[in-house]
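# Architecture at a glance
Okay, here's what each chain looks like letter by letter:
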Amino acid sequence: MAQAQLKVINRFGVERLLPLDKPIFTIGRKAENDLQMLSDTVSRQHAEIRFENEAFVIHDIGSKRGTFVNDQRVEKISLNHNDRIRIGGDDEQFIVFLAEAVEETSIIFDTGAHPISLTYDRAPEASANEELQKLSRYLEVNQAFKHSLNPDDVLCLIVDAAIEMAQAERGFLMLLNPKGELEFKVARDKDRNWLVGNEFAMSRSVVEEVFKQNRAVIVNESTQAAELARHSVRALDLRTIACIPLRRFRMSEKMDATAVLQSDVIGVLYVDSHFIKQPLTNTAVRLLESLAFEATKTLESIRLMHEEGEKKQLEEELQLAAQVQAALAPTNFKQPAHFEVAAAMLPSREVGGDFYELITLKDGRCVFALGDVSGKGIAAALLASAAQGALQAQFIANLPLTDVITNLNKTIAQRSDANRFITLFCATIDVEGHLTYLNAGHNPPLLLRTDGTLEKLSTKSVVLGAFDFAKYEAKQTRLQAGDALVIYSDGVTEAADAQGEMLGEDKLDALVKAHGALSAENLKAKLLDEIVRFTQGEPQSDDITLIVVKFLAQP
């Protein structure tokens, strides 16, 4: 194969010579390419230079922004000496095809139109050039974060840059796993190839020191010979090691001018080599530390993206659960002729632990039930849905009220967590106004008579789920035309204003007395409006559920 090179000059004036010493030389944004270009105008796999029929031919491989030779867009063309190549819309790298290999030089642009060529004749000039190249490489990597690289590509790019800056043979990015062990995330060699495997021979003592002491360790044969006494360094015949901690800073809830940020080591950036060209300079070490910092930022971005994805998925699941819970509400209940009923449920979250049920039985009686599961969120909503379904099934089976509640209590006690309980008020009413009710630890509903008398309905029974052997007894009363029954959850009386004052039972009693002559629907709306007015826009702290029954004259 003929000797040929690409001369690549970046926008900082630093030149690289890349030999075309393989049958296919790849160019693109992906880290595995022989020439990686970081602009978002470059495709991940953009172009190839192939040696065909004793000539070097550049092929565009379906890129979006095209490949240009001497400012002409091409699909496939043979390259001639000093041809100018532009990849996509990248204008930050100047690429020239050289048909013959030339001695590597450093190109540093002055303010004029012509570059100055400096050779590597003297050591100080060579050292200055290498420092400039390292700084330029870091700036290139830093600019890459503005482009559309995915997180894995960024981490790969950081390791490649670290190898280049340290003039190392290989590099690793190791991260702490959930078990508290360091495992390999990225493993690369100086030719930008992936190293295959889950374990690699390296100086474990250096890695452990960096991880435990949260400080960088640099091993140079010429400047820190004592470090070579480490067993792993000697055994592996290593001459250069640089290991930098990846630190994630923890923010305190109480941050002030005197607060000190605490950091956790979440991994290490490690490079090593069996040979040494020259000791790592302070500039190189600082740039490696900056790369480690960029790696930490990328990893933190990945973590936040995962959290955001999980949060979004949870929100979607909660929305679906809310839809399911709303679908369980008794929206198809037909208003009988002898009473009015109005109900509302306002969960404090997407789903709530309150539930209510309205059922018409075959004998003409109607069932009203309002329950409140202890706790909030999905767990409470699931238990509420289970209890609601069990109520429906047993009333459809035409069981007496006391048997329904006794069976429901056993089910809750035996199948739910020990700290999950349900308060429940459940009643049946017939066409003549006979009200049979059972109160299992629930807020006593308010029964407002037409003469202004306010009764509170309680049977002093224990909550559901506390004891599977609990017994429940029902009570009875009779409603007259115009009587109003208000069944509510504790979210009504515990609604609080900005000062933390709750609405309370006394205020609710007064509201029911003042507006008890309204229809069931209007009384429900009035009570909800008064709760909103009282809380003055404060966030709802608990589920609010209401059932209002207004008994009419017998049909």
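For the structure, see preceding data.
Residues numbered from 1 in each chain as written. Predicted model: local features only at pLDDT ≥ 70, side-chain atom pairs only at ≥ 80, totals over all residues. Heavy atoms only, no water.

### Topic: helix 10 (residues 520-535)
Compared with an ideal rise of 1.5 Å per residue, which puts 16 residues at 22 Å, helix 10 spans 23 Å between its outermost C-alpha atoms and is within 8% of the ideal. Burial in helix 10 covers these residues: Ala520, Leu523, Lys524, Leu527, Leu528, Glu530, Ile531, Phe534 and Thr535. Taken around the axis of helix 10, the buried residues stretch over an arc of 160°, which confines them to a single face. Exposed residues pointing more than 90 degrees away from the buried face of helix 10 are listed as Asp529, Val532 and Arg533. Its buried side turned inward, helix 10 meets strand 19 (339-346), strand 27 (484-488), helix 8 (490-493), helix 9 (504-515) and strand 28 (544-551). With its phi angle positive at about 55°, Gln536 sits one or two positions after the end of helix 10. (Helix = DSSP H or I, 4+ residues; strand = E, 2+ residues; numbered from the N terminus. Expected span 1.5 Å × (residues − 1). Buried < 20%, exposed > 50% of the residue type's maximum accessible area, 1.4 Å probe, protein only. Arc of directions from axis to C-beta. Contact = heavy atoms within 4.5 Å.)

### Structural notes on helix 6 (residues 377-396)
In a regular helix each residue adds 1.5 Å, so 20 residues correspond to 28 Å; helix 6 covers 29 Å between its end C-alpha atoms and thus fits that length. All buried positions along helix 6 are accounted for by Gly377, Ala380, Ala381, Leu383, Ala384, Ala387, Gln388, Leu391, Gln394 and Phe395. Down the axis of helix 6, the buried set is contained in an arc of 165°. They therefore lie on one face. Turned more than 90 degrees away from the buried face of helix 6, the exposed residues are Leu382 and Ile396.

### What to know about the sheet that holds strand 3 (residues 24-28)
Taken together, 5 strands build an open sheet; the order of strands is 4-3-5-6-9 and the sheet is mixed. Where the open sheet ends on each side, the last strands, each with one partner, are strand 4 (35-36) and strand 9 (76-78). (Pairing = 2+ DSSP bridges.)

### Here's the deal with the pairing of strand 20 (residues 354-360)
Counted residue by residue, strand 20 has 6 buried out of 7 residues, so it is predominantly covered. With 7 bridges joining them, strand 20 and strand 21 (residues 366-373) adopt antiparallel strand pairing. If you follow Phe355 over to strand 21, its bridge partner there is Gly371. Hairpin remark: strand 20 followed by strand 21, antiparallel, with 5 residues in the connecting loop; positive phi at Gly364, about 95°.

### Section: the sheet that holds strand 25 (residues 454-456)
Spatially, 19-28-27-24-25 is the arrangement adopted by the 5 strands of the open sheet, whose pairing is antiparallel. Each edge of the open sheet carries a strand with a single partner, namely strand 19 and strand 25. Geometrically, the sheet is characterised by an average inter-axis angle of 15° between neighbouring strands, direction not taken into account. Note that strand 27 and strand 28 share 5 bridges and pair antiparallel. Paired with Val486 across the two strands is Val548, which belongs to strand 28. (Axes fitted to C-alpha atoms, helices over the stretch in contact; angles between N-to-C directions.)

### Some details on a nonpolar patch on the surface
A cluster of nonpolar side chains, Leu314, Ile378 and Leu382, forms an exposed patch at the surface whose accessible area comes to about 270 Å². As for its placement among the helices and strands, Ile378 is situated in helix 6. (Patch = residues over 30% accessible without salt bridge, like charges linked within 9 Å, V, L, I, M, F, W, Y side chains within 5 Å. Areas by Shrake-Rupley, 256 points an atom, 1.4 Å probe, with all protein chains shown as cover. Salt bridge = Lys/Arg side-chain N within 4 Å of Asp/Glu carboxyl O.)

### Here we look at the packing of helix 9 against helix 10
Interhelical geometry of helix 9 versus helix 10 gives an angle of 140° and a closest axis separation of 11 Å. One way to sum up the angle between helix 9 and helix 10 is to call them oblique. Seen from above, helix 9 lies across helix 10 with right-handed handedness. Listed contacts from helix 10 to Lys507, Leu508, Leu511, Val512 and His515 of helix 9 are Leu523, Lys526, Leu527, Glu530 and Phe534. Tallied by class, residues from the contact of helix 9 with helix 10 come to 6 nonpolar, 1 polar and 3 charged. (Parallel < 35°, antiparallel > 145°, perpendicular 65-115°, else oblique. Left-handed = near helix turned anticlockwise from the far one by under 90°. Nonpolar A, V, L, I, M, F, W, Y, C, P; charged D, E, K, R; others polar.)

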